[in-house]
Amino acid sequence: MVPVPASGTALLLIDVINDLAFDGSEVLVPQAESMAHALAGLKRRAAAAGVPTVYINDNFGQWRSDFRRIVSHCTARSSPGHRVSSRLRPTARDYFVLKPKHSGFFDTTLDTLLEALRIRRVILTGIAGNICVLFTANDAYMREYRIFAPSDCIVSNTAADNDYALRQISTVLKGDVTISTRLSFQTTRRASRVRGR
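The structure displayed is predicted, hence computed values, not measured ones.

(A) Quick look at the side chain of Ser-103. Along the chain, the position of Ser-103 falls in the loop between strand 4 (95-99) and helix 4 (110-116). The buried category is assigned to Ser-103, whose relative accessible area is 4%. A polar contact of 2.6 Å, which involves the side chain of Ser-103, links it to the side chain of Asp-139. Non-local contacts of Ser-103, meaning those with residues more than four positions away in its chain, are made with Phe-135, Thr-136 and Asp-139.

The following block contains the structure:
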């Protein structure tokens, strides 16, 4: 098992609220559905340990959009990605950041949010590994965050693209790509006592 301190860690879900309605998505959808199953389990365990979840999502080029409308659109049965979005639907306790470009940090409030939450480690997950997840990982590394990128919680259009992204995260960005079920959230005794009251 790989220990991950719960305090100072955030789980980032990148572009998982996604209609997956684009050319070539037929191959990605079943992979994303499998990924969503693993990620839902990780999110449950993170929440139980007190790890905050941050959704980082495209605004689909609509500067007047809001996250509730995006969730509603992507969970509609007419969206190819509705099973993924429905399984990973955010709760009232989760945070969200809308992004205009590939990286979750570029021109967003993510820096400010992570600083307010006193985050030092990020668990990066989502779609697509070789684009938005990798760009976000690069920016997290430059900001000196410790990176975890569980390989079963990241998916790309092709297995080769995903393998490339995970190799980059592991070798260049010094990230840990251990699968999600091998990550063990470590809570302090004091935090555990407070939750147990």
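(B) Molecular detail of the environment of Leu-183. Note on placement: Leu-183 falls in strand 8 (residues 183-186). When the C-alpha positions of Leu-183 and Val-27 are compared, they lie 28 Å apart, and in sequence the two are 156 residues distant. For Leu-183, the residues in contact, after removing those within four places along its chain, are Met-1, Val-2, Val-4, Arg-45, Phe-148, Pro-150 and Thr-178.

(C) Molecular detail of the nonpolar core. Judged by nonpolar contacts, the single largest core of 35 residues is most densely connected at Ile-17, Leu-39, Ile-127 and Phe-185. Elements supplying a minimum of two residues to this core: strand 1 (2-5), strand 2 (9-14), helix 1 (25-48), helix 2 (67-75), strand 5 (121-127) and strand 8. No other element matches the 10 residues that helix 1 contributes to this core. Excluding anything up to four places from it in sequence, Leu-39 contacts Leu-13, Val-16, Leu-88, Thr-125 and Cys-153. Residues Ala-10, Ile-56, Val-97 and Ile-147 belong to the second largest nonpolar core, which totals 25 residues.

(D) A look at the packing of helix 5 (residues 129-142) against helix 6 (residues 159-171). Viewed as axis vectors pointing N to C, helix 5 and helix 6 meet at an angle of 10°, and their least axial separation amounts to 9 Å. Overall, the two elements helix 5 and helix 6 adopt an arrangement that is roughly parallel. Taken together, the residues of helix 6 that come into contact with helix 5 (itself represented by Gly-129, Asn-130, Val-133, Leu-134 and Ala-137) are Asp-161, Asn-162, Tyr-164, Ala-165, Gln-168 and Ile-169. Here the residues of the contact of helix 5 with helix 6 are counted per class, giving six nonpolar, four polar and one charged.

(E) Local environment of the pairing of strand 2. Most of strand 2 is tucked away: six of the six residues are buried. With helix 1 bridging strand 2 and its parallel neighbour strand 3 (residues 53-58), the resulting β-α-β unit is right-handed.

(F) Up close: the packing of aromatic side chains. All chains considered together, the criterion is met by three aromatic pairs. For the ring pair Tyr-55 and Phe-67, a centre distance of 6.0 Å and an interplane angle of 50° mean the geometry is tilted. Pair noted here: Tyr-55 is in strand 3 and Phe-67 is in helix 2, with a separation of 12 residues, a long-range link. The exposure class of Phe-67 is buried, given its relative accessible area of 6%. When the centroid spacing of 4.8 Å and the interplanar angle of 15° are considered together, the rings of Phe-67 and Phe-96 count as stacked. Separated by 29 residues along the polypeptide, Phe-67 in helix 2 and Phe-96 in strand 4 bring together distant segments of the chain.

Rules used in this analysis
- Residues numbered from 1 in each chain as written.
- Predicted model: local features only at pLDDT ≥ 70, side-chain atom pairs only at ≥ 80, totals over all residues.
- Heavy atoms only, no water.
- Helix = DSSP H or I, 4+ residues; strand = E, 2+ residues; numbered from the N terminus.
- Buried < 20%, exposed > 50% of the residue type's maximum accessible area, 1.4 Å probe, protein only.
- Polar contact = N/O pair within 3.5 Å; in protein donor to acceptor, adjacent residues only side chain to side chain.
- Contact = heavy atoms within 4.5 Å.
- Core = buried A, V, L, I, M, F, W, Y, C linked by side-chain atoms within 4.5 Å.
- Axes fitted to C-alpha atoms, helices over the stretch in contact; angles between N-to-C directions.
- Parallel < 35°, antiparallel > 145°, perpendicular 65-115°, else oblique.
- Nonpolar A, V, L, I, M, F, W, Y, C, P; charged D, E, K, R; others polar.
- Right-handed = clockwise from strand over helix to strand, strands pointing away.
- Phe/Tyr/Trp six-rings, centres within 6.5 Å; stacked < 30°, edge-to-face > 60°.

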